[in-house]
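Overview (structure and organization)
One letter stands for each residue in the lines below.
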Amino acid sequence: MCQVGEDYVEPPPREPPPVPRPGCGQKCVKCKQGDPVVVIRAGDAFCRDCFKAFYVHKFRAMLGKNRLIFPGEKVLLAWSGGPSSSSMVWQVLEVRPHHPQGLSQDSAKRLRFVPGVVYVDEGAACGQSPEDRAKTLAEVKQVLHVVNFPWHLVALEETEALCRLFESVRTLTAKEELLQTLRSHLILHVARAHGYSKVMTGDSCTRLAIKLMTNLALGRGAFLAWDTGFSDERHGDVVVVRPMRDHTLKEVAFYNRLFAVPLVFTPAVDTKAPEKASVHRLMEAFILRLQAQFPSTVSTVYRTGEKLVKAPRDGCGGGPSGPRCLLCLCTLDIDTADSATAFGAQTSSLSQMPPSTLQAEAGTPTAPCCAVGEGPGCCWKARGRTDDAQAQVTQQLCYGCRGNMSDLPSLDRLPPYILAEAQLRSQRAGVMQEIQEYLIEDSSDEAEGPQS
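One structure accompanies this document, and this report is about it. Worth saying up front: this structure is predicted, and the values here are computed from it rather than measured.

Calculation criteria
Along each chain, residue indices are assigned from 1 in the same order as the chain's sequence is written. A pLDDT threshold of at least 70 governs which residues receive local features in this predicted model, and a stricter bar of 80 or more applies before side-chain atom pairs are shown or counted, although totals over entire chains, interfaces and linings include all residues. By convention in this description, side-chain values take in all heavy atoms of the structure and omit both hydrogens and water. Secondary structure follows DSSP: runs of H or I at least 4 residues long count as helices, runs of E at least 2 residues long count as strands, and numbering of each begins at the N terminus. Classification of residues uses two cut-offs on accessible area relative to the type maximum, computed with a 1.4 Å probe and protein chains only: under 20% is buried, over 50% is exposed, and between them is partly exposed. It only takes one pair of heavy atoms within 4.5 Å for two residues to be counted as in contact. Multiplying one less than the number of residues by 1.5 Å gives the expected span of a helix. Criterion for a disulfide: a pair of cysteine sulfur atoms at a distance within 2.5 Å. Paired strands, as defined in this entry, are two strands with at least two bridges between them according to DSSP. Crossovers are marked right-handed if the path from the first strand over the helix to the second runs clockwise, as seen with the strands pointing away from the viewer. The salt bridge criterion pairs a side-chain nitrogen of Lys or Arg with a carboxyl oxygen of Asp or Glu, the two atoms within 4 Å.

Take the side chain of lysine 58 next. Inspection of the secondary structure assignment puts lysine 58 in helix 1 (residues 48–66). On the accessibility criterion, lysine 58 (17% relative accessible area) is buried. With sequence-adjacent residues up to four places away left out, lysine 58 is seen in contact with Asp246, His247 and Glu251.

Take a look at the structure:
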């Protein structure tokens, strides 16, 4: 019972459980004979050979279960030089029929697609000097010569305009999203130009769990099934697959260490950034900190993401041929009639806002500075064309991409191919609207046909 004057103190903080280490007499949980060298989870100690079999089986099982890659098909491996993508390339290398190590594999287990490798040089966007970029490319070429697959080296920027674009972005979150988008566009362009029908990326289970939570925070919840699932068919003729999505970063690190997988480390756009510098960094720190205290965090988030389905909302124009976002290429999934949603309210207000209000919100004067308002060189007309271009791009972005692009001072700095596509779509929509009244539509009686 409670006593008068009894001192109450908080219990001492609980320390995390010690990391299990293989003991002297412990054996591999798989073969029961070999000495363990790695501990994946508590009680799961593997010897070197059993760990390799366990690791490679995950990769094969992911490809075999989904059955999206067929013999003889050209597959482009997106390699960044990092741990996960390097591990993916190394596994494809080892199980190829004409590789010395691959010859010992059972013929039914060989990967019979035709691989190629693409490396995207992002040094300029990440602030690397020309000397550092040249040194990195030399290391990249050394690894690619060892792999001996057909390879493609492409630079993210060919002009100084793209460098100025990244310098103008106000937040690190928008800069990371823009970099991912442009990188994806470039990889897809390389795949189409060289006849690849599939693209493999090295997204691990841990990275996908972080990406799922990050995209939720960025307003991309409607597209999680495409952004984190095994296959991403949003691009039509090229399908993106993620065969490393069952591997955790811990397993990847052990595999690369034990089997000397070559890596090329390059600074990223968020290198040395503080934890709260961007939504991506904050969510990464949050998930990894939880994982350290509760080892099932990543698997729980990952398994939850597996239950998501790829289906647009009922009653929206998000079919296979519906409008798509200019940047992420996902179905817009818009319903302007539903103004209760944030996207519906944003879209309806944008379409109903007069040009003078748009100019006032942008900080531009509502009167022409030349005080004439006439003539081909009038600043009023030039400003109107700029506002029209801004509206053309904004109206063709999904909710998440609109939020990211709001951190750009001007959308005119986007790559020319994006602006040209926005203009082409707007022109098509305008033509369709003009000829709509002249189109003959089948009535319900005519569609049913004559009745006896």
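Here the narrative resumes, following the displayed structure.
Right, let's talk about the environment of histidine 185 for a bit. Within the secondary structure, histidine 185 is located in helix 5 (residues 172–193). Along the chain, histidine 185 and cysteine 328 lie 143 residues apart, while their C-alpha atoms are 8.8 Å from each other.

What follows covers helix 6 (residues 205–217). In this model helix 6 runs 19 Å from its N-terminal to its C-terminal C-alpha over 13 residues, within 8% of the 18 Å that 1.5 Å per residue would give. For helix 6, the set of buried residues is Cys205, Thr206, Leu208, Ala209, Ile210, Leu212, Thr214 and Asn215. Immediately downstream of helix 6, the backbone of glycine 219 shows phi near 80°, a positive value.

Scanning the model with the defined rule gives zero disulfides in all. Of the cysteine sulfurs around cysteine 398, a residue in no disulfide, the closest is that of cysteine 401, at 3.5 Å.

In the sheet, strand 4 (residues 114–121) pairs with strand 5 (residues 151–155) via five bridges, with the strands oriented parallel. Bridging from a neighbouring strand, aspartate 121 pairs with alanine 155 of strand 5. Tracing the backbone out of strand 4, into helix 3 (residues 130–147) and back to the parallel element strand 5 gives a crossover that is right-handed.

We now examine the pattern of salt bridges. Tallied over the entire structure, the rule returns 17 salt bridges. The partner of aspartate 232 in a salt bridge is arginine 242, and the shortest N-O contact between them spans 4.0 Å. Within this pair, whereas aspartate 232 is found in strand 7 (residues 231–232), its partner arginine 242 is found in the loop between strand 8 (239–241) and helix 8 (249–258), the two being separated by 10 residues in sequence. Taking relative accessible area as the criterion, arginine 242 reaches 4% and is therefore assigned buried.

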